[in-house]
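Notes for the structure review
The chain contents come next:
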Amino acid sequence: MDVDVLIVGAGPVGLLLAAEVQLGGGRAVVLERLTEPSRDRKARGIGLLATEALWRRGLGPHLSAADPDGARDFTRDHGTELGHFANIHKLAPDPLRRGTRIWQPDLERLLTTHAESLGARILRGHDVVALEPGADSVTVLTHTSTGEHRLRAHYLVGCDGAHSRVRKLTPFAFPGTPPLLRTIAGAATFTGPVPAPGRYPTGTFLHGGSLAGVTELAGSANFTPVAPSGTTTPAAGGGLVTFTTSTGDCRPAAPAGWAREDTPFTPATVPSDAAPVTSANSAGEGHHAIPADNRGPVTPAELAAAIHRVTGADVTVDDVREPRDFTDQARQADTYRHGRILLAGDAAHVHSPSGGQGLNLGLLDAMNLGWKLAAVIRGAAPESLLDTYTRERHPAAAAVLHNTRAQSALLAPGPHIDALRDIFSELMEIPAVNRYFSALLSGVDHRYELPYPATEPVGLHSPDLDLVDDHGVHSKLHEHLCSGRGLLLLTPETQAFANYATNRVEILPVTNIGPHLLRPDGIIAWAEGDSESLQLALDTWFPAP
C-alpha cells in the first residue's frame, strides 16, 4: 500500500483533510492537477465554525494576523462591515464567536504549511484520469509531465471541486436545481461615468472598489448551458464505466476494469451533471460557478453589454481581470461515500455563494471526516464509523442549499421581489430576527443527530469555552484540542467517570462548567449525563482498545 488516504485536490478542504488524517495517525498524500498554487481569490473568508476549528489546531494566531486586512477589503468592497442575507447588509457579528476575513490564497498557504508540518505529501502536476476500486484499496492513475503514475491507498477522497473527477468516476448521483440567476463580473477598469450600483428592473449592478458585475436571470442574454460531455453510471457487475471520450486524446488507455475520465478537463468542458466550478463574485465572495457557455473568459465588451442590459447605461470597460461568468444552480451528492471512495467540499455539494458559506461548509466536512478516517485506519474504530460522515454532513449541506435558494429568490429582479426585500430588510432590524439569520448562515445552531438518545447541547459544535481547572488555572477550550484527540471535561463531582475514559481520550478537570465529552472535531458528544450515557458515547466514538 502506497499510502493510507489519497486526497484529490489541494484546495483548503483537501489540505485540511490531509492534516487531520496525519494528526490522527494516518498517512495522507494530496494529488493536485495544478503545478503551482492558484492565486485566484476564490473566497474571502471563513465562518465562525471553521475559524474555531482551525484555532483548535493551533492556527488561530495566523488567522488573527490576516483578519484586519481581510476585514478592510470586505468593508471597502461592500461599503459596510455587516454581513448580509441576499445582499441585505444588516447582520451584526456575534461579539463572542467571530469568523475570519482571509483571502483563499493566504488560507491555502497556511494550510499547506500546516499539512506538510504534520507529514502530509502534496504532489502537484498529478491529473487524476482513472481509478480502480478494490476490496481493500483504491488505485488511482494520474497523468503527469513525466508520464502515467499509479498510487494505491486504503481510501480515496475527492476534494477536487465542483467538477470533481472522483465524483464523475464513481456512481455518485448529483441531483439538484437548475440556475435561476447568472452573474458576469470581474475586477474592471472604467473610462468615464459608471452608473450607481443597486437593483434595476432587469437585474442588479454590483460595484465596489475595482470589482464590478451584473446579476440577472439565467435566461437573459441568450444564456445557454454547456452540452453534456458524458455520464457516469454503474456498469454490469457493479463496476464503473468510462466516460464518453473526445477524439484526439493521446494519453495511454486506462487498464481494463478502470473507470477513466477521457475528456480533456478544461473550463469549457462540463459533464452531464453540469456542476459549477468555484469562483468569486463582484464582491469577492466565494462562488460555485458554471461557465455560461463555451465563449471563454469574460471580455470588456461583454461586461459593458451586461451593464447596459441591466442599467441602460453605456459604459466603457477598458479591462477585466479575474473574470467570472457563473450561475447559482444547487446540487448535492446523494451520499458522500461509495465504499472506499468519499467526497468532501464542493465535490459533494455546490450552491449559490450568497452569505459566503461554501468554504466554511467544506472545511467542516474535512474536520468531520479526517479524524474518523484516521481512527479506522489505525484500527481504533470500526469501518462503520465512516457511515456517520454522510449522516452528519449531508443535512448540514442540505440546509445551506436551502437557504441559498431562498437568497437567490430574493436576488431575482422585479417589483414583487423588491417589495419582499423591503419587508425582509425591516424584519432584519428586529434583534431576534437578526440573530436568526446570523445563526442560519453560520450554522452555529445546526445539530448533528447522534446515534444515541441525547438533547442539546449534545450534537452541537462547542464554542471556545473558558475553562478553569482544579488548580484555578484559566485556559480556552481550543488549547486542549490541538492533539486531535477527544477531550473529557470532568467536574469534581464526576471525577470517578475518568475510569471509563482512560486511554481513550484526554481528561481535564474543570470547576467552572459542567462535564462534557468533546470529539476531535469539536462536537459535543455528551454533557451532564450519568456514567451509563457517558460510556455509550465513549463506545460510539472512542471504542475501548
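As a reminder, the structure under discussion sits directly above these lines.
As the structure is a computational prediction, the values presented were derived from the model and not from experiment. (Residues numbered from 1 in each chain as written. Predicted model: local features only at pLDDT ≥ 70, side-chain atom pairs only at ≥ 80, totals over all residues. Heavy atoms only, no water.)

1. As for the environment of His338
- Along the polypeptide, His338 turns up in strand β19 (residues 337-338).
- Residues His338 and Arg167, 171 residues apart in the sequence, show an inter-C-alpha distance of 9.9 Å.
- Setting aside residues up to four positions removed in sequence, His338 forms contacts with Thr170, Pro171 and Phe172. (Helix = DSSP H or I, 4+ residues; strand = E, 2+ residues; numbered from the N terminus. Contact = heavy atoms within 4.5 Å.)

2. A few points about helix α4 (residues 104-117)
- The end-to-end C-alpha separation of α4 is 20 Å, in line with the 20 Å expected for 14 residues at 1.5 Å each.
- Buried residues of α4: Gln104, Pro105, Leu107, Glu108, Leu110, Leu111, Thr112, His114 and Ala115, and no others.
- In this structure, the buried residues of α4 make contact with α1 (12-23), α2 (48-55), α3 (60-78), β5 (121-124) and α7 (358-377). (Expected span 1.5 Å × (residues − 1). Buried < 20%, exposed > 50% of the residue type's maximum accessible area, 1.4 Å probe, protein only.)

3. Thoughts on the pairing of strand β27 (residues 524-527)
- As paired elements, strand β26 (residues 516-518) and β27 share three bridges and run antiparallel to each other. Bridged to Leu518 within β27 is Ile524.
- Connecting β26 to the antiparallel partner β27 that follows it, the hairpin turn spans five residues, and Gly522 within it adopts a positive phi of roughly 85°. (Pairing = 2+ DSSP bridges.)

4. Brief notes about the pattern of salt bridges
- If you walk through the whole model with that rule in mind, you get 25 salt bridges.
- A salt bridge links Asp325 to Arg182; its shortest N-O distance comes to 3.0 Å. In this pair, Asp325 is assigned in strand β17 (residues 316-327) and Arg182 in strand β10 (residues 181-191), connecting sequence segments 143 residues apart. A single burial state applies to Asp325 and to Arg182, both of which are buried.
- As a salt-bridge pair, Glu449 and Arg447 come within 3.7 Å of each other at their nearest N and O atoms.
- Among the residues examined, Glu449 registers a relative accessible area of 57% and is labelled exposed. (Salt bridge = Lys/Arg side-chain N within 4 Å of Asp/Glu carboxyl O.)

5. Points about the sheet that holds strand β21 (residues 349-350)
- If you trace the three strands from one edge of the open sheet to the other, you get β9-β18-β21, paired in antiparallel fashion. At either end of the open sheet lies a strand with only one pairing partner, and these are β9 (176-177) and β21.
- Contacting β9, β18 (330-332) and β21, helix α8 (residues 387-411) runs over the sheet at an angle of about 170° to β18. (Axes fitted to C-alpha atoms, helices over the stretch in contact; angles between N-to-C directions.)

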